[in-house]
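Results of the structural survey
Listed below, chain by chain, are the residues.
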Amino acid sequence: MACNRANYLERTINSVFKYQGSVASKYPLFVSQDGSNPQVKSKALSYDKLTYMQHLDFEPVHADNPGELTAYYKIARHYKWALDNLFYKHNFSRVIILEDDMEIAPDFFDYFEAAADLLDKDKSIMAVSSWNDNGQKQFVHDPYVLYRSDFFPGLGWMLTRTTWDELSPKWPKNHKGRQFIRPEVCRTYNFGEHGSSLGQFFQQYLAPIKLNDVPVDWKSRDLSYLIKDNYEKYFAEIVKKATPVHGENVVLKAHDIEGDVRIEYKDQSHFEIIARQFGIFNEWKDGIPRTAYKGVVVFRYQTPRRIFLVGPDSLRQLGIKDP
């Protein structure tokens, strides 16, 4: 997905080509340009191993709320147009979406191929993402671990045609409470300091992201723990085993405990205070913190220890009785 950054697009295409050669027949590459920037068009057309599409949209944007960035509405329209094209005109059964400011990990395609099986088996998964908002070097440890999340991570994601059949008519609204798969260690790196989000968060959260560099044989991994019913039990078990920490100075207390730790937050402002103390993303969207599953945000702290930030209703949802 491209718009007006020809140099970014070139870096992204080169990164994809680096690992796509051996799987090109399974993963044909398309570039969809929003608008008419001539440098982007000419850059895309300079490659003979991809298909170029151009979205020209002259309709005015009417934001739902005053003061909203109209760029996001334009981007949403471009996504709908491009995905309708790929699913209905080109007839693909699955599509992986990348933006024009990303590099991919060596196991990017293998990861999505393994995860495609989960999408087919479990209709409660809306999409599989290659991104973890708390994927900064200091907060990750295990390149083999995947999580479910109620929060849509975006930034390199795959969905199926059957899911798009439901989403397309009301896009970008409503994913019907479905969940997402995300890795602990990112399979994409976002280098886009200049773009529609105006460099928001870049230095603090995007620049330090760890891009996976460990070869993972995804075909041999058993991912059945991510199926909905299995995952609820699996995740409840690891949260239950974590040592509860209460009161003030939770970072200091967590530092002195061996093994995993869980810290309960009372509400959004309390979560933000704790998240800032650890240095993870403190932002909420659509009423939930980034990366959360049933209100629980998990990250590594002085690896490999896990910290679970647990919402006021999370333990009940997970069927855990707090001692």
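The sections below set out a description of the structure shown in this document. (Residues numbered from 1 in each chain as written. Predicted model: local features only at pLDDT ≥ 70, side-chain atom pairs only at ≥ 80, totals over all residues. Heavy atoms only, no water.)

1. Considerations on the nonpolar core
To keep it simple, the criterion reads: Only buried Ala, Val, Leu, Ile, Met, Phe, Trp, Tyr and Cys residues count toward a nonpolar core, and they belong to the same one when joined by side-chain atoms within 4.5 Å. Three labels apply to residues, based on accessible area from a 1.4 Å probe with only protein chains included: buried if under 20% of the type maximum, exposed if over 50%, partly exposed otherwise in between. The contact criterion used is simple: two residues touch if any of their non-hydrogen atoms lie within 4.5 Å.
Ranked by size, the top nonpolar core spans 60 residues in total, and within it Phe235 and Phe308 carry the most contacts. Residues contacting Phe308, with those up to four places away along its chain left out, are Phe235, Ile238, Val239, Ala242, Asp260, Val261, Arg262, Ile263, Val296, Val297 and Val298. Ranked by size, the runner-up nonpolar core spans 20 residues in total, among them Phe271, Ile274, Trp284 and Leu309.

2. A short note on the side chain of Thr12
Note the cut-off: Secondary structure elements are defined from DSSP: runs of H or I of at least 4 residues count as helices, runs of E of at least 2 residues count as strands, and each element is numbered from the N terminus. Counting of polar contacts relies on pairs of N or O atoms within 3.5 Å, with two restrictions inside protein: one atom must be capable of donating a hydrogen and the other of accepting it, and residues adjacent in sequence are counted only when both atoms are side-chain atoms.
Looking at where Thr12 falls in the secondary structure, it is placed in helix H1 (residues 6–20). For Thr12, the side chain forms a polar contact with the main-chain nitrogen of Asp101, separated by 3.4 Å.

3. Details of unusual backbone geometry
Backbone geometry follows two general trends: most residues other than glycine have a negative phi, and most peptide bonds adopt the trans configuration. With an omega of 5°, the peptide bond between Trp171 and Pro172 qualifies as cis. The residue Pro172 is located in the loop between helix H5 (161–167) and strand S8 (179–183) in this model. In this model, Thr303 is joined to Pro304 through a cis peptide bond whose omega is 5°. In this structure, Pro304 sits in the loop between strand S14 (297–300) and strand S15 (306–310). Despite not being glycine, Asn91 has its phi angle at roughly 65°, a positive value.

4. A few points about helix H3 (residues 70–89)
This is how the line gets drawn: The span expected for a helix works out to 1.5 Å for each residue beyond the first.
A rise of 1.5 Å per residue sets the reference length of H3, with its 20 residues, at 28 Å; its end C-alpha atoms lie 28 Å apart and thus fit the reference within 8%. Looking at H3, one finds that the buried residues are Ala76, His78, Tyr79, Ala82, Leu83, Asp84, Asn85, Leu86 and Phe87. Lining the buried residues of H3 we find strand S1 (29–34), strand S2 (50–55), strand S3 (94–97), strand S7 (157–160) and H5.

5. Things to note about the pairing of S3
As a reminder of what qualifies: At least two bridges found by DSSP between two strands are what make those strands a pair.
With burial as the criterion, only one face of S3 is covered, namely that bearing Val95 and Ile97; the residues Arg94 and Ile96 on the opposite face remain uncovered. As paired elements, S3 and S7 share four bridges and run antiparallel to each other. Following the sheet pairing, Ile96 is matched in S7 by Met158.

6. Notes on the pattern of salt bridges
Quick note on the threshold: We define a salt bridge as a contact between a side-chain nitrogen of Lys or Arg and a carboxyl oxygen of Asp or Glu at a distance within 4 Å.
Under the definition given, this model contains 21 salt bridges. The salt bridge partner of Asp101 is Arg5, with a shortest N-O separation of 3.1 Å. Here the residue Asp101 occupies a position in the loop between S3 and strand S4 (102–104), and Arg5 occupies one in the segment before H1, the gap between them amounting to 96 residues. The class of Arg5 is buried, set by a relative accessible area of 15%. Between Lys43 and Glu10 there is a salt bridge, with its nearest N and O atoms 3.2 Å apart. On the criterion of sequence distance, the pair formed by Lys43 in helix H2 (residues 38–45) and Glu10 in helix H1 is long-range, its members being 33 residues apart. Looking at Glu10, the relative accessible area reads 31%, which means it is partly exposed. Residues joined by salt bridges that share partners form a network here, namely Arg5, Asp100 and Asp101.

7. What about the sheet that holds S7?
Put simply, the rule reads: For helices, the fitted line uses only the C-alpha atoms of the stretch in contact; every axis is such a line through C-alpha atoms, and the angle between N-to-C directions lies from 0 to 180 degrees.
Read from one edge of the open sheet, five strands run S3-S7-S5-S8-S6, paired in mixed fashion. In this open sheet, the two edge strands, each paired with only one partner strand, are S3 and strand S6 (146–149). Neighbour-to-neighbour, the strand axes of this sheet turn through a mean angle of 25°, independent of strand direction. Across the sheet, H3 touches S3 and S7, and the angle it forms with S3 is around 145°. Docked against the sheet, helix H4 (residues 108–121) engages S3, strand S5 (125–129), S6, S7 and S8, running at close to 170° with respect to S5.

8. Section: the sheet that holds strand S11 (residues 261–264)
The four strands are arranged S10-S11-S15-S14 in an open sheet whose pairing can be described as mixed. The open sheet has two edge strands with one neighbour each: strand S10 (243–245) and S14. Neighbour to neighbour, the strand axes of the sheet diverge by 25° on average, direction disregarded. The sheet contact formed by S10 and S11 spans three bridges and is parallel. Each bridged residue has a counterpart across the sheet, and for Pro244 the counterpart in S11 is Arg262. Its contacts with the sheet put helix H7 (residues 228–241) on S10, S11, S14 and S15, and the angle it makes with S15 is roughly 100°. Packed on one face of the sheet, helix H9 (residues 268–278) meets S11, S14 and S15 and runs near 145° to S11.

9. With respect to the layout of surface pockets
It is a probe the size of a water molecule, rolled over the atoms, that shows where empty space is left. Which entries qualify depends on this criterion: Definitions used for this entry: grid spacing 1 Å over protein atoms alone; cavity, a set of points where a 1.4 Å probe fits but cannot get out; pocket, an open set with protein on both sides within 12 Å along at least 5 of 7 lines; lining residue, one with an atom within 4 Å of a point. Grid points are joined across faces, edges and corners, and a volume is the space filled by probe spheres set on the points. Asp, Glu, Lys and Arg are counted as charged, while Ala, Val, Leu, Ile, Met, Phe, Trp, Tyr, Cys and Pro are counted as nonpolar; the rest, among them Gly, fall into the polar class.
Within this model, the second largest pocket holds a volume of roughly 710 Å³. Around the second largest pocket sit 32 residues that line it, and Pro28, Leu29, Val95, Ile96 and Ile97 are the ones nearest its centre. Contributing elements (two or more residues each) for the lining of the second largest pocket: H1, S1, H3, S3 and H4. Residue composition of the lining of the second largest pocket, by class: 23 nonpolar, four polar and five charged.

10. Observations concerning the packing of H1 against H2
Operational definition: Here the angle decides the label: under 35 degrees means roughly parallel, over 145 means roughly antiparallel, 65 to 115 means roughly perpendicular, and every other value means oblique. Here a crossing is called left-handed whenever its near helix is offset anticlockwise from the far helix by less than a right angle, and right-handed whenever the offset is clockwise.
In contact at an axis separation of 9 Å, H1 and H2 are set at 20° when each is read in the N-to-C sense. With respect to H2, the element H1 is oriented roughly parallel. At the point where H1 passes H2, the crossing takes the right-handed sense. On the side of H1, the interface is formed by Ala6, Leu9 and Glu10, while H2 contributes Gln39, Val40, Lys43 and Ala44. Looking at the contact of H1 with H2 residue by residue, the classes come out as four nonpolar, one polar and two charged.

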